[in-house]
Amino acid sequence: EDLLAVTGGRTTRANYNYAVGGYRTDQCLTVWRNNVRGRGFSTLVLDCGVNSAIQGIPATSALAWADLQTILNEAKADGMTVVPLTILPFGSNANWSAPRQTFITDINSSMTTWCTANSVTCVDTYTAFLGVSPAMNAAYDSGDGLHPNAAGSALISTLVQAVGP
């Protein structure tokens, strides 16, 4: 559990980060159920999926989306504010391939469709970070084509707080 102070233009709030490097959607679902759900949190910012595309687990984008949709539906049913993020572009990463791009494109499409159907604002980080397609804009890239640098992290914070509760 990592307590962070997230400061934005409107507010300062405590934020618990349950991210673990390399986690897939099935593992995010387990973390959600074991460490987050029912613990009194009011908001869920969900950023998960690229590792499923890279690792091929679950085997299809439909199964990965089912994990994410379960998290979102349960959080919404619990009265939480949900702030889903689309998966960032990673076209210049060594793990990128056309089938993996299709995987994240499918999940991002499902995410935006779910958001529209549930009157939830989806933070389209894919579009915000897209450079020369399908790569991440170099201004936000940590150098590995997958993870954002400090400027990219700041952009995510700004985008999330623009939607925030």
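The shown structure was predicted, so the numbers you read here are calculated from the model rather than taken from an experiment. (Residues numbered from 1 in each chain as written. Predicted model: local features only at pLDDT ≥ 70, side-chain atom pairs only at ≥ 80, totals over all residues. Heavy atoms only, no water.)

**A closer look at the packing of aromatic side chains**
Line of reasoning, step 1. Under the defined criterion, the tally for this structure stands at one aromatic pair.
Line of reasoning, step 2. On the basis of an interplanar angle of 55° and a centroid distance of 5.1 Å, the ring pair of Phe-129 and Tyr-140 is categorised as tilted. You can see Phe-129 sitting in helix α5 (residues 125-129) and its partner Tyr-140 sitting in the loop between α5 and α6 (150-163), a full 11 residues away along the chain. (Phe/Tyr/Trp six-rings, centres within 6.5 Å; stacked < 30°, edge-to-face > 60°. Helix = DSSP H or I, 4+ residues; strand = E, 2+ residues; numbered from the N terminus.)

**Some details on the pattern of salt bridges**
Line of reasoning, step 1. If you walk through the whole model with that rule in mind, you get four salt bridges.
Line of reasoning, step 2. With a closest N to O distance of 2.9 Å, Asp-26 and Arg-24 form a salt bridge.
Line of reasoning, step 3. Taking the relative accessible area as the measure of exposure, Asp-26 reaches 27% and is therefore partly exposed.
Line of reasoning, step 4. Overall, the relative accessible area of 14% leaves Arg-24 in the buried class.
Line of reasoning, step 5. A salt bridge links Arg-37 to Asp-78; the nearest nitrogen and oxygen atoms lie 2.6 Å apart. With Arg-37 in the loop between α1 (25-36) and β3 (43-46) and Asp-78 in the loop between α3 (61-77) and β4 (81-84), this pair connects stretches of sequence that are 41 residues apart.
Line of reasoning, step 6. Note on Arg-37: relative accessible area 32%, which makes it partly exposed.
Line of reasoning, step 7. Each of Arg-33, Arg-37, Glu-74 and Asp-78 takes part in salt bridges that share partners, so that together they form one network. (Salt bridge = Lys/Arg side-chain N within 4 Å of Asp/Glu carboxyl O. Buried < 20%, exposed > 50% of the residue type's maximum accessible area, 1.4 Å probe, protein only.)

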